[in-house]
Protein chains: 2
Amino acid sequence: MAGKRIGQQTILLPMKPAISAGAACVGPKEGEGPLGDAFDWVTDDELCGQQTFELAERQMVLEAARTAIRKASLRVSDIQFFMGGDLLNQIISASFAAREMSLPFVGLYGACSTMSEGLCLGGMLVDGGHADHVVCVASSHFCTAERQYRFPLEYGNQRTPTAQWTVTGAGATVLSLSPKTSPMARITHVCMGRVVDLGVTDANNMGAAMAPAATDTLLALFEDTHTTPADYDLIVTGDLGQVGHDLLLKLMQEQEMPLCAGTYQDCGLMIYDQKQDVHAGGSGCGCSASVLNGYLLPKLQSGQIRRMIFMATGALMSTTSSQQGESIPGVAHAVVLESPVEKGRM
Amino acid sequence: MAGKRIGQQTILLPMKPAISAGAACVGPKEGEGPLGDAFDWVTDDELCGQQTFELAERQMVLEAARTAIRKASLRVSDIQFFMGGDLLNQIISASFAAREMSLPFVGLYGACSTMSEGLCLGGMLVDGGHADHVVCVASSHFCTAERQYRFPLEYGNQRTPTAQWTVTGAGATVLSLSPKTSPMARITHVCMGRVVDLGVTDANNMGAAMAPAATDTLLALFEDTHTTPADYDLIVTGDLGQVGHDLLLKLMQEQEMPLCAGTYQDCGLMIYDQKQDVHAGGSGCGCSASVLNGYLLPKLQSGQIRRMIFMATGALMSTTSSQQGESIPGVAHAVVLESPVEKGRM
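A brief structural summary. (Residues numbered from 1 in each chain as written. Chains lettered and ligands numbered in written order. Predicted model: local features only at pLDDT ≥ 70, side-chain atom pairs only at ≥ 80, totals over all residues. Heavy atoms only, no water.)

**Some thoughts on the overall build of chain A**
Phase 1 of the analysis: When you go through chain A residue by residue, the secondary structure sums to 10 helices and 15 strands.
Phase 2 of the analysis: Computed over the C-alpha atoms, the radius of gyration of chain A is 18 Å, within 12% of the 20 Å expected from 2.2 N^0.38 for a compact globule of 346 residues.
Phase 3 of the analysis: Across its three principal directions, the C-alpha atoms of chain A cover 55 × 45 × 35 Å.
Phase 4 of the analysis: The burial tally for chain A puts 66% of its 346 residues in the buried class.
Phase 5 of the analysis: A total accessible area of about 11,400 Å² is found for chain A, and carbon and sulfur atoms account for 48% of it.
Phase 6 of the analysis: Side chains of chain A carry 23 positive and 35 negative charges; the gap between the two charge centres is 8 Å. (Helix = DSSP H or I, 4+ residues; strand = E, 2+ residues; numbered from the N terminus. Rg over C-alpha atoms; globule rule 2.2 N^0.38 Å. Buried < 20%, exposed > 50% of the residue type's maximum accessible area, 1.4 Å probe, protein only. Areas by Shrake-Rupley, 256 points an atom, 1.4 Å probe, with all protein chains shown as cover. Lys, Arg positive; Asp, Glu negative; His and termini not counted. Charge placed at Lys NZ, Arg CZ, Asp CG, Glu CD.)

**Observations concerning the packing of aromatic side chains**
Residues and elements named next belong to chain A.
Phase 1 of the analysis: According to the stated counting rule, one finds eight aromatic pairs over all chains in the structure shown.
Phase 2 of the analysis: Here the aromatic rings of Phe142 and Trp165 are separated by 4.0 Å at their centres, their planes lie at 5°, and the arrangement is stacked. Here Phe142 is found in helix α5 (residues 142-150), whereas its partner Trp165 is found in strand β8 (residues 165-166), with 23 residues between them in sequence.
Phase 3 of the analysis: Taking NZ or CZ as reference, Lys29 lies 4.2 Å from the ring centre of Trp165, over its face.
Phase 4 of the analysis: Just above the ring of Tyr232 sits the side chain of Arg307; from NZ or CZ to the centre is 4.8 Å. (Phe/Tyr/Trp six-rings, centres within 6.5 Å; stacked < 30°, edge-to-face > 60°. Lys NZ or Arg CZ within 6 Å of the ring centre and 35° of its normal.)

**Brief notes about the side chain of Lys299(A)**
Phase 1 of the analysis: Structurally, the position occupied by Lys299(A) is in helix α9 (residues 285-302).
Phase 2 of the analysis: Residue contacts for Lys299(A): discarding those within four places in its chain leaves Gln304(A) and Ile305(A). (Contact = heavy atoms within 4.5 Å.)

**Quick word on unusual backbone geometry**
Residue and element names in this part refer to chain A.
Phase 1 of the analysis: Even without being glycine, Lys16 reaches a positive phi, approximately 45°.
Phase 2 of the analysis: Considering the arrangement of structural elements, one finds Lys16 in the loop between β2 (10-12) and β3 (18-26).
Phase 3 of the analysis: What makes Lys16 partly exposed here is its relative accessible area of 35%.
Phase 4 of the analysis: Positioned with a positive phi, Gln90 is a non-glycine residue whose angle comes to about 60°.
Phase 5 of the analysis: Along the polypeptide, Gln90 turns up in the loop between β5 (81-86) and α3 (92-101).

**Side note on the interface of chain B and chain A**
Phase 1 of the analysis: Across the boundary between the two partners, chain B contributes 61 residues, which contact 61 residues of chain A.
Phase 2 of the analysis: Taken over both partners, the interface formed by chain B and chain A buries close to 4,700 Å², and the fraction arising from carbon and sulfur atoms is 58%.
Phase 3 of the analysis: For the pair chain B and chain A, the number of links is 26 residue pairs in polar contact (both at pLDDT 80 or more).
Phase 4 of the analysis: Elements with a contribution of two residues or more to the side of chain B that touches chain A: β1 (4-6), α2 (53-71), α3 (92-101), β6 (105-107), α4 (114-127), α5 (142-149) and α10 (319-323) of chain B.
Phase 5 of the analysis: When grouped by side-chain class, the residues that make up the side of chain B that touches chain A number 26 nonpolar, 23 polar and 12 charged. (Buried area = accessible area lost by both parts, 1.4 Å probe. Polar contact = N/O pair within 3.5 Å; in protein donor to acceptor, adjacent residues only side chain to side chain. Nonpolar A, V, L, I, M, F, W, Y, C, P; charged D, E, K, R; others polar.)

**Details of the relation of the copies chain B and chain A**
Phase 1 of the analysis: When chain B is fitted onto chain A, the two copies agree to an RMSD of 0.0 Å after a turn of 180° and an axial shift of 0.0 Å. Those values place the two copies in the arrangement expected of a two-fold rotation axis.
Phase 2 of the analysis: A shared binding surface is used by both copies, with 100% of the interface residues of chain B retained as interface residues in chain A. (Least-squares fit on C-alpha atoms with pLDDT ≥ 70 in both.)

**A few points about the nonpolar core**
Phase 1 of the analysis: Counting 234 residues, the largest nonpolar core has Phe82(A), Phe310(A) and Phe82(B) as its most contacted members.
Phase 2 of the analysis: For Phe82(A), the residues in contact, after removing those within four places along its chain, are Val61(A), Ala65(A), Ala94(A), Ala97(A), Ala98(A), Met101(A), Leu103(A), Pro104(A), Phe105(A), Val106(A), Val135(A) and Val137(A). (Core = buried A, V, L, I, M, F, W, Y, C linked by side-chain atoms within 4.5 Å.)

**Considering the pattern of salt bridges**
Phase 1 of the analysis: For the structure shown, the criterion picks out 24 salt bridges over all chains.
Phase 2 of the analysis: Between Asp197(B) and Arg99(A) there is a salt bridge; the shortest N-O distance is 2.5 Å. In this pair, Asp197(B) sits in the loop between β10 (185-191) and α6 (206-225) while Arg99(A) sits in helix α3, so the two residues belong to two different chains.
Phase 3 of the analysis: Among the residues examined, Asp197(B) registers a relative accessible area of 18% and is labelled buried.
Phase 4 of the analysis: Between Arg5(B) and Asp132(A) there is a salt bridge whose closest N-O contact spans 3.4 Å. Of the two residues, Arg5(B) is situated in strand β1 and Asp132(A) in the loop between α4 (114-127) and β7 (133-140); the pairing between them involves two chains.
Phase 5 of the analysis: Judged by its relative accessible area of 27%, Arg5(B) is partly exposed. (Salt bridge = Lys/Arg side-chain N within 4 Å of Asp/Glu carboxyl O.)

**Some thoughts on the state of the cysteines**
Put plainly, two cysteines are in a disulfide when a covalent bond ties their sulfur atoms together.
Residues and elements named next belong to chain B.
Phase 1 of the analysis: All chains considered together, the criterion is met by zero disulfides over all chains.
Phase 2 of the analysis: Cysteine Cys136 remains unbridged, with the sulfur of Cys120 as its closest cysteine sulfur at 9.6 Å.
Phase 3 of the analysis: For Cys136, a relative accessible area of 1% corresponds to the buried category. (Disulfide = S-S within 2.5 Å.)

**Section: α3(B)**
Phase 1 of the analysis: Extensive coverage of α3(B) is indicated by the burial of nine of its 10 residues.
Phase 2 of the analysis: Of all the positions in α3(B), only Ile92(B), Ser93(B), Ala94(B), Ser95(B), Phe96(B), Ala97(B), Ala98(B), Arg99(B) and Met101(B) are classed as buried.

**Section: helix α9 (residues 285-302) of chain B**
All names here are of chain B.
Phase 1 of the analysis: The end-to-end C-alpha separation of α9 is 26 Å, in line with the 26 Å expected for 18 residues at 1.5 Å each.
Phase 2 of the analysis: The largest bend along α9 measures about 40° and falls at Leu296, with the proline Pro298 one to four residues further on.
Phase 3 of the analysis: Here α9 lies mainly inside the structure; 14 of its 18 residues are buried.
Phase 4 of the analysis: Positive phi shows up at Gly303, right after α9, with a value of about 90°. (Expected span 1.5 Å × (residues − 1). Bend = angle between axes of the 7 residues up to and from the residue.)

**Describing the pairing of β3(A)**
On a regular strand, each side chain points to the face opposite its neighbour's, so the side chains alternate between the two faces of the sheet.
Residues and elements named next belong to chain A.
Phase 1 of the analysis: Within β3, nine of the nine residues are buried, which leaves it mostly tucked inside the rest of the structure.
Phase 2 of the analysis: As paired strands, β3 and strand β9 (residues 169-176) are joined by eight bridges and run antiparallel to one another. Of the residues in β9, the one forming a bridge with Ala21 is Val174.
Phase 3 of the analysis: In terms of strand pairing, β3 meets strand β10 (residues 185-191) through two bridges, oriented antiparallel. Looking at the pairing, Ala18 lines up with Arg186 of β10.
Phase 4 of the analysis: Sheet analysis places β3 next to strand β4 (residues 41-42), joined by two bridges and oriented parallel. (Pairing = 2+ DSSP bridges.)

What follows is the structure, given as structure tokens:
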């Protein structure tokens, strides 16, 4: 049965590809946060024993990918595609990790939307029978991102109230047509987002730049699938943070498709405690990647969450585009995840 | 009929997705080259009338995409995915072009392999029925790449004999399950490559860095499909240039799968004349993208080429990775393209 586009943007995956495993590796600050116990691996060293922060980030990608593959009871050679990306110029975390894995590499760039970009693409490839197993990865590291996008770490710049804290972490998800283990979840629909830009230019307020894209994708998904927010136990965005979270609630209200405050959450607000001085919350590809793979997938597997929308959001600017006066385009890709636990069987 | 993996890396596309149209836009130097007449649009202004070279590159992406969609007798709204990338940090040429197109965006990063990465992924998505029509784009611009990767343009640095010249150009390909026009070619197989790194560290010798990856992918494709170089009218690599071209011939000879000098070509050697002072040849995502879409697709459509391998190659380093002493990993993705003209009907 072929994949089927329903409506304008959403694609139904008739084979319901399985998430056979997920793994998350995070840094010390994330380990001290409220979800600390959920992660597979918490390093107490931002450098992970490496010479540079870039090598540390790569190490986390490798650790997450290998752990996820192992948890799926697969060998590395069972995987057809190593898909993913990160925030660094030329996605060096993913591509150098791919060199170590020696697997066909699908390099992605969706900024902080990379985890769901990978799940959308990987889901369709598995659904179409083009791959039996794929691994999707995404990562970020506070120290690599900060010095690339903002200021040298040693400068110790002050952060504005709307600024977010880049998560040090990596997540990996194994998608399978015929999983060797009991699946953690299944992907039923994917909805790849359009690039939306309402003119925000403040690189310290990514949440506001990304919320309109999140609204655009959510509205398309609801319309295409004839569902409303009430049809999902959880709708989770990637890293809108406090500003973007509140703005998304407002925008969806204006569109007469209000999200329920109880079932709408943002990974950027889940991963840190307010006491951790992260201002508007967490951000980075690794934010949604580690929260999904460490914290959310087990809840789907147990049936505590029956059906959810995972939608990571990305801000697609570069330092060059910002210096040239461009505003910040946003994008949001969504997947609908279902628990493998059948209704009434809990 | 579902996509089928044959062998270790190659995937057979049973639906044979059609290339319904292609378009190529290039700069003045490329227009003066031996393929100048093949391109849809040759600008005589490196800035394309824009304020910055980055805006000029984006303009070429948009022009190529819109032209290809028009040539495929489609409207922009008929396209499901706008897929692609470029060499700039955070692929701003592709993502800001996607903002203008208002289409679901699949951001890719495969360095100069981006055109074939897009064709592989887009081919599988169309084959699986997950999209009716997609547009794949890739671009580069001498002035944006040079100042990002090497030196400020004003510095006027000397170029080594192994250095290549980044092509100013963009290419776009429309893939369709049911094309509205007579197809230019069909994709029968895709083979996504592994990241291969034999330790080359000279950023002025990309050809040598990428040739081992090209060898790896070609060998996998031949083994998986039980074919040899003699089964193809043409095998074309993306931008190995003279050094990489000669090295690939040598490596394939060593592997006892020699390429025929007559049927193996490299887009980097096709796009410029030796008199144009480009040293080892052309490079950049836009090199293979413009040669495929401007020059090669019409030859497939007419039946002058019956079956060919298009394999763009990428060097996956960043300035950071090079400064940190890393070698340059290469990757090569291949698609097998067939002419729509049946045998014996020419």
